[in-house]
Amino acid sequence: MMLTLAEKLLLIGLNDETGKVHYQASTALPYGLAGAVLADLMLLGKVELQGKNIVVVDPKPVGQPIFDKALHIINKTPRKRNAKYWVQRLKRDLKTLRQDVLTLLIEQGILKEEKRKILGLFETRTYPAVDGEMEEQVKEKLRVLVLQPTEIEENKELAQERTLVLLSLVNACDLLRQVFDRQEARVVKKQVKHLTKDVPVSKAVKEMVDAINASVVLAITSAAVVTSSSSSSN
């Protein structure tokens, strides 16, 4: 079963016990999911990084609604924009992105939706795992990439590229502790920026990792500043 980067990121972002997004990732995750969609479009050869801008090189639909909607939004915009812009724009325009990704995971039997009422009045929904095996497989690939790189099979460059991009997004969303233990997470956080030099991936992917990671962090920072300003004015 091939999961998209957004599906993998959301799996890691959900608390296995509560079925809700981990608190520390609640602000970052929407931007991370947008970055994941953008990254998948790059890995599929639909868009590429030209200089600092994202450019559509193949506008034909993928056949996956989330990707096709994002590709259409990028393609119909006449002015070339950078990765930061598109992370923010896709986060804004793909209004149901998180729910759409949840639906895909439910349809594949990886998550289930549970509804309950608080005080008998307010309905709340959680999304616990049906079987944690898929999530563990995703996390294990991240661990191997960082902690046991010599065990990565040869001729698996694309898989390495996808895993490296996912690791970058996990780091940007402050989710390393959901994959690594406390000591490992501290080490990995320092290593993430250098991994593109040690893992054999293409120059384009290295540039993409740097661009999307920086864009997600900048988008989160910008959102925090706006929130802080709004709170101060009230």
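So, a few notes on the structure that sits alongside this text. Sequence order sets the numbering: in each chain, residues are counted from 1 along the sequence as written. Side-chain atom pairs in this predicted model are given and counted only at pLDDT of 80 or more, local residue features only at pLDDT of at least 70, and totals for whole chains, interfaces and linings cover all residues. As a convention, hydrogens and water are excluded, and side-chain values are obtained from all of the structure's heavy atoms.

## So, the packing of aromatic side chains
In this description, an aromatic ring pair is defined by two values, namely the gap between the centres and the angle between the planes. The aromatic pairing rule takes the rings of Phe, Tyr and Trp, using the six-membered ring of Trp, and pairs them if the centres are within 6.5 Å, calling planes under 30 degrees apart stacked, those over 60 edge-to-face and the rest tilted. Throughout the structure, instances matching the rule amount to one aromatic pair. On the basis of an interplanar angle of 85 degrees and a centroid distance of 5.0 Å, the ring pair of Tyr-85 and Trp-86 is categorised as edge-to-face. Burial classes follow relative accessibility: with a 1.4 Å probe on protein chains only, a residue under 20% of its type's maximum area counts as buried, one over 50% as exposed, and anything between as partly exposed. Relative accessible area serves as the criterion here: at 1%, Trp-86 is assigned to the buried category. Geometry around Tyr-85 places Arg-81 over its ring, the cationic atom sitting 4.4 Å from the centre. Look at NZ for Lys and CZ for Arg. If either is within 6 Å of the ring centre and within 35 degrees of the ring normal, a charge sits over the ring.

## Things to note about a nonpolar patch on the surface
Surface patches are defined over residues having more than 30% relative accessible area and no salt bridge, joining like charges when they lie within 9 Å and nonpolar side chains (Val, Leu, Ile, Met, Phe, Trp, Tyr) when within 5 Å. Residue-level accessible areas treat just the shown protein chains as cover; the underlying method is Shrake-Rupley with a 1.4 Å probe. The working definition used for a salt bridge is a side-chain nitrogen of Lys or Arg within 4 Å of a carboxyl oxygen of Asp or Glu. A cluster of nonpolar side chains, Ile-118, Leu-119, Leu-121 and Phe-122, forms an exposed patch at the surface whose accessible area comes to about 480 Å². According to the relative accessible area criterion, Leu-121 is exposed, its value standing at 61%.

## Concerning the sheet that holds strand 3 (residues 81-82)
Across the sheet, which stays open at both edges, the three strands sit in the order 1-2-3 with antiparallel pairing between neighbours. Only two strands of the sheet have a single partner each, and these edge strands are strand 1 (47-50) and strand 3. Contact criterion: two residues are considered in contact whenever any of their non-hydrogen atoms come within 4.5 Å of each other. Between the N-to-C directions of two axes lies an angle of 0 to 180 degrees, each axis being a line fitted to C-alpha atoms and, for a helix, fitted only over the stretch in contact. A run of DSSP states H or I qualifies as a helix once it reaches four residues; a run of E qualifies as a strand once it reaches two. Both are numbered from the N-terminal end. Along the sheet, helix 2 (residues 29-43) contacts strand 1 and strand 2 (53-56); its crossing angle with strand 1, the most-contacted strand, is approximately 95 degrees. Two strands make a pair as long as DSSP finds a minimum of two bridges between them.

## Some details on the packing of helix 1 (residues 5-13) against helix 2
Close contact between helix 1 and helix 2 brings their axes to 8 Å; oriented N to C, the two are set at 150 degrees. When the axis of helix 1 is compared with that of helix 2, the two are roughly antiparallel. Here Leu-5, Ala-6, Leu-9 and Leu-10 of helix 1 lie close against helix 2, whose contacting residues are Leu-29, Gly-32, Leu-33, Ala-36, Val-37, Ala-39, Asp-40 and Leu-43. Residues belonging to the contact of helix 1 with helix 2 are distributed by class as follows: ten nonpolar, one polar and one charged. Each angle is binned into one of four classes, with values under 35 degrees roughly parallel, values over 145 roughly antiparallel, values of 65 to 115 roughly perpendicular, and all other values oblique. Residue type decides the class: Asp, Glu, Lys and Arg count as charged, Ala, Val, Leu, Ile, Met, Phe, Trp, Tyr, Cys and Pro as nonpolar, and the leftover types, Gly among them, as polar.

## Thoughts on the nonpolar core
Joining through side-chain atoms within 4.5 Å is the link that ties buried Ala, Val, Leu, Ile, Met, Phe, Trp, Tyr and Cys residues into a set, and such a set is a nonpolar core. Ranked by size, the top nonpolar core spans 73 residues in total, and within it Leu-9, Leu-38, Leu-167, Val-170 and Phe-180 carry the most contacts. Top element by residues in this core is helix 2. It accounts for eleven residues.

## Observations regarding the pattern of salt bridges
Evaluated as defined, the whole model comprises ten salt bridges. Here Glu-140 and Arg-143 are joined by a salt bridge, their closest N and O atoms 3.2 Å apart. With a gap of three residues between them, Glu-140 and Arg-143 both fall in helix 6 (residues 133-147), about one helical turn apart.

## Observations regarding the pairing of strand 1
Burial of the side chains of strand 1 is restricted to one face: Val-47 and Leu-49 are buried, whereas none of Glu-48 and Gln-50 on the reverse face is. Here strand 1 pairs with strand 2 via four bridges, running antiparallel. Counted as the bridge partner of Leu-49 is Ile-54 from strand 2. With antiparallel pairing between neighbouring strands as the criterion, strand 1 and strand 2 make up a hairpin whose turn holds two residues, including Gly-51 at a positive phi of roughly 70 degrees.

## A few points about the packing of helix 1 against helix 6
Close contact between helix 1 and helix 6 brings their axes to 10 Å; oriented N to C, the two are set at 100 degrees. In terms of their interaxial angle, helix 1 and helix 6 are classed as roughly perpendicular. The residues of helix 6 that touch helix 1, namely those facing Lys-8, Leu-11 and Ile-12, are Met-134, Glu-135, Val-138, Lys-139 and Leu-142.

Remember that the coordinates give geometry; whether it matters functionally is a separate question.
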